[in-house]
Protein chains: 2
Amino acid sequence: MRIRIDVDLEKGAILRTDLPENAIWLGGRALAESLLFEEVPPACHPLGPRNLLVFAPGLFAGTSMPTASRMSVAAKSPLTGGIKESNVGGMAGMILAQLGVGAVVIRGISLSRRSNLVLLGKRSAEVMDAPELSGLGNYETVETLKKRFGEDVVTITIGPCGEMKMAAATIAVSDNNGRPCRHAGRGGLGGVMGSKGLKAIVIDPKGSQLRKGADPGAFAEAIKEYTKILQSSKRTAFWRENGTAGLVDVSHARGSLPTRNFTSGAYDKKDKVNAEQLKTLAAQRKGMMGHACMRGCVVRCSNVFNDPQGRYLTSGLEYETIAMMGPNLDIDDLDTIAQMDHRCDDYGIDTIETGATLGILTETDLFRFGDGLKAVQLIDEIGKGTVLGRVLGQGVTTTGKVFGISRIPAVKGQSLAAHEARSIKGLGVTYATSPQGADHTAGFVVEEPLSKEGHADRSRKAQINVVVADSLGLCQFTGLREEHELFARLMGPLTGKAPSPEEVRRMGQETLWKERTFNQVAGIGSGQDRLPEFMRSEALPPNNNVFDVEEEDLDRVFGDYPK
Amino acid sequence: MRIRIDVDLEKGAILRTDLPENAIWLGGRALAESLLFEEVPPACHPLGPRNLLVFAPGLFAGTSMPTASRMSVAAKSPLTGGIKESNVGGMAGMILAQLGVGAVVIRGISLSRRSNLVLLGKRSAEVMDAPELSGLGNYETVETLKKRFGEDVVTITIGPCGEMKMAAATIAVSDNNGRPCRHAGRGGLGGVMGSKGLKAIVIDPKGSQLRKGADPGAFAEAIKEYTKILQSSKRTAFWRENGTAGLVDVSHARGSLPTRNFTSGAYDKKDKVNAEQLKTLAAQRKGMMGHACMRGCVVRCSNVFNDPQGRYLTSGLEYETIAMMGPNLDIDDLDTIAQMDHRCDDYGIDTIETGATLGILTETDLFRFGDGLKAVQLIDEIGKGTVLGRVLGQGVTTTGKVFGISRIPAVKGQSLAAHEARSIKGLGVTYATSPQGADHTAGFVVEEPLSKEGHADRSRKAQINVVVADSLGLCQFTGLREEHELFARLMGPLTGKAPSPEEVRRMGQETLWKERTFNQVAGIGSGQDRLPEFMRSEALPPNNNVFDVEEEDLDRVFGDYPK
């Protein structure tokens, strides 16, 4: 039986209860969003006392299934004003699950308002003051925690951006090397954590046990099959060799690489920021490709990026960061991008949102394309919380408001990710309609990318499949999306009760429906299921396409939705 | 036949057409909102090229009816993201109507982007460059325009806040003395005007003619009756004697005077900022009470406030400004408040929104209660457009976002006005449900102010009645709200076609329905029909009431709405 840990920061109280029987197949996103749906008033202020912050390892987390221990972090988002699930790798999902934890729910606002920590162990849980952590970056925070609690702790932390309750603040999870560089990046969940006065969750792994399932033999058999599929996949080999940076060339080639504030889909200097360049620097500087963010991953898409002196700078330098801070800002230098990434990781701010924000700032005199030095300075302002920094830390939509900019690459307040909707129109439908706001991980649709037809059904299906993967703890880079029959065969021996493949799919569908309903009650009408206007009027080179999916088709994604 | 003037700033073209036959009874808000409903895509960006800015004199404007020449200004709002009508006095409504103009529609964005003006005359209309006006305050802008076009022009202008496209920027209309001190204050319509590159509309009154109606004799008879009601009303006498400042004592007594960032409904130092004090200073300094913002007004609620040296400072110093910048900020000095008001008028920023914004800023270290000097400095930052100023100029909701504040006195992004919803619960229902966002002029309900019952029907009725008044050009201080039979008797001889009283009411209802529908298509769901959370949890002294109207009752206002 998995347990649920409720931490009430106002009262300093912790409650451990069993997850209910009907949650037997629920983990990750499905579990977290169900808790929010049932327990958070949708109209509450995201930074107020009635919001909850939920951490839920995927259902498969903590088992010997590789690449399957991701964790969902969820709350009402200060960025979108709607429900938010941000999915993260690193070690927290695995170890929490191996301690028997199905969900950690943070509620209330600490009366002291800042710098508490929660220490979670096999049988204990405790709220502690931690004034010494106040204002520290994620890296120093984690170093301090390790000195206090031991080198082997797993950490969940926020940087100063989260403490300042910024709407683009992240939550950092320590990786396989104990570094706080895997981020629940999107939707400002770090701001929610900060609003509660929680700086860190420290997980003591002592007593953690591999989850072998209700029927260990059958489960081990099913895992073998799963692992074989994963290991034999060409995709796995591609990610391991190139990291996510392999997408720079792919996106450039299909014209979907956001360039110079979303005015082009191809970048003339892409060879200076692509996977080849990353691999060259990794070899020269004793960095690493094929790094695993969590123990036992077979995909290993992460990397370790060192500076010219060979000192650790970031891990990993990912495609989304490279694209949004490189081509999108016309910064053609991986060292500068890595400096920006390091700072974002340390301050705890979303690199996607920040890249988009600096992009629109080129419409003011505060920033111009290609000015890497200034970009780094502006990120430092975010970390310091100057007035300008606080504006930028709210992301692209608020920054646009403040500076009177109307060409904003965002949906429902959240910036588009590093995949151009005009060149991947099916993904554009997901950007527009996902309850999560514009999010490339909410249901990527690559079919017929330049056609305007047929994407409503594809997007709906992709969004449901993603919810399933996010709920099971599966990394999207497993490439397993529609294998509900395989998932069912894994879930049965793990939980002791076998679902049908249709029940697996329906778990995804029902979760998506709850997210949608939460947003509607929060006041987000379907009129917000739209891409930014400029994408319908500005043709994007090199394909010279506008986003022309009919609005009726956008409305069909949920309009045709089975209740 | 009234005409419609379409000004396309992108093309520099002007089109004059007759208003259609079916607009015969439509003026002001009904006409403006219908135009927006039909011609603006609700999902467009408020500062983008597809938004329209409409000026529409009320139906009675330009006739000899006193206190009946108000004008509606309307657009999609950058503050609320929904449709917006802001109703304004001064001389523009009267003179436009006397030139035969039913509506001026501004479209497109000037290619030069800033400081154009439109010169409107009896038979001519012209777009002109006006680079010399760029960055000027409203007062200097109008002085410059008078030098160029003559002392008797009527002006519609924006200050630097509008040019900077701030979401709380106003549009200033010159008053009976040619001063730009009557403002279409709410919803950031000045930002829309600025986004189009339009600094000023100059109306040349030459050839303007009193509108005598299709049946002048019958119309004059009906006007006599209307005027008699108005002149014999006790309310009229109250407003003329005290100005709107008379409400300071009234609000204090009923516990509805926003004090210290909406933490009290009564102000211990109210005697230093009330009407008695205003009258004393007016007498001492050769100011004026009983000032008429438009020619021929019998209510004359405005005033002229001079500084201690007897120099003109503002006209008028109104209740909303006094309350939001006085008690709400614990500034107990009319001279300081008048300095703040003068600056807001000159820069072109809403005093209500700005007062609420400085109120929440007391949660940061940037401002503290009672610091009048700092308040003036902060308003100067808004006018100058420093980064902090640009934040504050977006109003209370964006400022709250930037500084991570969750206790925000706003609905649909617009700050509450100077009437506490916890002590006037019927008005709270209007604040929550009005398509205009929290707005005291959207349907004031005073009945049973502390009861939680019965307000849905009252608010719906009040909102409809207000639309009627706003459409006819009637000042709300006429106190005439439900007299649809009288209005019908005036409309018949004016237009040549008599409506039934029910048709008058239905015009209001249908306009309100269009506003609501526009917002829904724009993505503003009914979940946004809510007051801020803190009003349900914090009891307000001295009545110690929370806002406890059931959410079902809020939803009934439009839920029971006849389609």
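Residues numbered from 1 in each chain as written. Chains lettered and ligands numbered in written order. Predicted model: local features only at pLDDT ≥ 70, side-chain atom pairs only at ≥ 80, totals over all residues. Heavy atoms only, no water.

With that out of the way, let us pick up the pairing of strand 1 (residues 3–8) of chain B. All names here are of chain B. When you tally the buried positions in strand 1, you get six out of six residues, the bulk of the element. Where burial is concerned, the two faces of strand 1 agree: the one with Ile-3, Ile-5 and Val-7 and the one with Arg-4, Asp-6 and Asp-8 are both buried. With six bridges joining them, strand 1 and strand 6 (residues 101–107) adopt parallel strand pairing. Residue pairing in the sheet places Asp-8 in a bridge with Arg-107 of strand 6. Across six bridges, strand 1 lies against strand 2 (residues 13–18) in antiparallel orientation. Among the inter-strand pairings, Asp-8 is bridged to a residue of strand 2, identified as Ala-13. Counting the residues that bridge the hairpin from strand 1 to strand 2 gives four residues, and of these Gly-12 lies at a positive phi of roughly 70°. (Buried < 20%, exposed > 50% of the residue type's maximum accessible area, 1.4 Å probe, protein only. Helix = DSSP H or I, 4+ residues; strand = E, 2+ residues; numbered from the N terminus. Pairing = 2+ DSSP bridges.)

Next up on the list: the interface of chain A and chain B. Contacts between the two partners involve 33 residues from chain A, matched on the other side by 33 residues from chain B. Viewed at the interface, chain B and chain A are joined by two salt bridges. Salt-bridge contacts for A:Arg50 lead to B:Glu533; the nearest nitrogen and oxygen are separated by 2.7 Å. Taken together, the connections running from chain A to chain B amount to 14 residue pairs in polar contact (both at pLDDT 80 or more). Counting residues per element, the ones that place at least two in the side of chain A that touches chain B are helix 14 (387–392), helix 15 (396–402) and helix 19 (501–522) of chain A. (Contact = heavy atoms within 4.5 Å. Salt bridge = Lys/Arg side-chain N within 4 Å of Asp/Glu carboxyl O. Polar contact = N/O pair within 3.5 Å; in protein donor to acceptor, adjacent residues only side chain to side chain.)

Attention now moves to helix 8 (residues 247–254) of chain B. Residue and element names in this part refer to chain B. When helix 8 is considered as a whole, its buried residues turn out to be Leu-247, Val-248 and Ser-251. Projected down its long axis, helix 8 carries its buried residues within an arc of 105°, all on one side. Against the buried residues of helix 8 lie helix 7 (234–242) and helix 10 (319–325). Note on helix 8: the residue one or two positions beyond its end, Gly-255, has a positive phi of about 75°. (Arc of directions from axis to C-beta.)

Let us look at the sheet that holds strand 13 (residues 288–291) of chain B. Residue and element names in this part refer to chain B. Across the sheet, three strands lie side by side as 13-14-15; this open sheet has antiparallel pairing. The open sheet has two edge strands, strand 13 and strand 15 (312–314), and neither has a second partner. The average undirected angle you get between the axes of adjacent strands in this sheet is 35°. Strand direction decides the pairing type here: strand 14 (residues 302–306) and strand 15, joined by two bridges, are antiparallel. (Axes fitted to C-alpha atoms, helices over the stretch in contact; angles between N-to-C directions.)

Moving on to the relation of the copies chain A and chain B. Under the fitted operation, chain A is carried onto chain B by 0.0 Å of movement along the axis and a turn of 180°, and the coordinates agree to an RMSD of 0.0 Å. The transformation just described matches what one would write down for a two-fold rotation axis. Of every C-alpha in chain A, the one belonging to A:Gly525 sits nearest the axis of rotation, 2.2 Å from it. (Least-squares fit on C-alpha atoms with pLDDT ≥ 70 in both.)

In this model, chain A carries a mean pLDDT of 97, and residues with pLDDT of at least 70 account for 99%. Across the whole predicted complex the pTM is 0.97, and at the interface the ipTM reaches 0.95. (pLDDT = per-residue confidence, 0-100.)

The next point concerns the environment of B:Pro493. Residues and elements named next belong to chain B. Mapped onto the secondary structure, Pro-493 falls in helix 18 (residues 484–495). When its relative accessible area of 11% is taken as the criterion, Pro-493 is described as buried. Separated by 241 residues in the primary sequence, Pro-493 and His-252 place their C-alpha atoms 44 Å from one another. In this structure, Pro-493 is in contact with Gly-213, Ala-214, Asp-215, Ala-218 and Phe-219, ignoring residues within four places of it in sequence.

Another aspect to go through is the sheet that holds strand 2 of chain B. In sheet architecture, strand pairing relies on hydrogen bonds along the backbone and comes in two forms, parallel and antiparallel. Residues and elements named next belong to chain B. Strand order in this open sheet of six strands is 2-1-6-3-4-5, and the pairing throughout is mixed. Strand pairing shows two members of the sheet lacking a second neighbour, strand 2 and strand 5 (83–88), which therefore form its edges. If you compare each strand with its neighbour and ignore which way they point, the axes differ by 15° on average. Across the sheet, helix 1 (residues 28–39) is in contact with strand 1, strand 3 (53–57), strand 4 (71–76), strand 5 and strand 6; its angle to strand 4 comes to roughly 20°.

Take the packing of aromatic side chains next. Two aromatic rings, taken as a pair, are described by how far apart their centres are and by the angle between their planes. What the rule picks out here adds up to eight aromatic pairs over all chains. A centroid spacing of 5.2 Å and a plane angle of 75° characterise the contact between B:Phe238 and B:Trp239, whose relative ring orientation is edge-to-face. The exposure class assigned to B:Phe238 is partly exposed, which follows from its relative accessible area of 30%. A connected cluster of aromatic rings, assembled from ring pairs, spans A:Phe238, A:Trp239 and A:Phe477. Above the ring of A:Trp25, the side-chain terminus of A:Lys497 is found at 5.2 Å from the ring centroid. (Phe/Tyr/Trp six-rings, centres within 6.5 Å; stacked < 30°, edge-to-face > 60°. Lys NZ or Arg CZ within 6 Å of the ring centre and 35° of its normal.)

Residues and elements named next belong to chain A. In contact at an axis separation of 8 Å, helix 17 (residues 455–472) and helix 21 (residues 551–559) are set at 40° when each is read in the N-to-C sense. Judged on the interaxial angle alone, helix 21 and helix 17 are oblique. Relative to helix 21, the crossing made by helix 17 is right-handed. Where helix 17 approaches helix 21, its residues Ala-456, Asp-457, Arg-460 and Gln-463 are matched on the opposing element by Asp-553, Arg-556, Val-557 and Phe-558. When grouped by side-chain class, the residues that make up the contact of helix 17 with helix 21 number three nonpolar, one polar and four charged. (Parallel < 35°, antiparallel > 145°, perpendicular 65-115°, else oblique. Left-handed = near helix turned anticlockwise from the far one by under 90°. Nonpolar A, V, L, I, M, F, W, Y, C, P; charged D, E, K, R; others polar.)

Quick look at a negative patch on the surface now. A contiguous patch of negative charge on the surface is contributed by B:Glu140, B:Glu143, B:Glu151 and B:Asp152. Among the structural elements, B:Glu151 can be located in the loop between helix 3 (138–149) and strand 9 (154–157). (Patch = residues over 30% accessible without salt bridge, like charges linked within 9 Å, V, L, I, M, F, W, Y side chains within 5 Å. Areas by Shrake-Rupley, 256 points an atom, 1.4 Å probe, with all protein chains shown as cover. Lys, Arg positive; Asp, Glu negative; His and termini not counted. Charge placed at Lys NZ, Arg CZ, Asp CG, Glu CD.)

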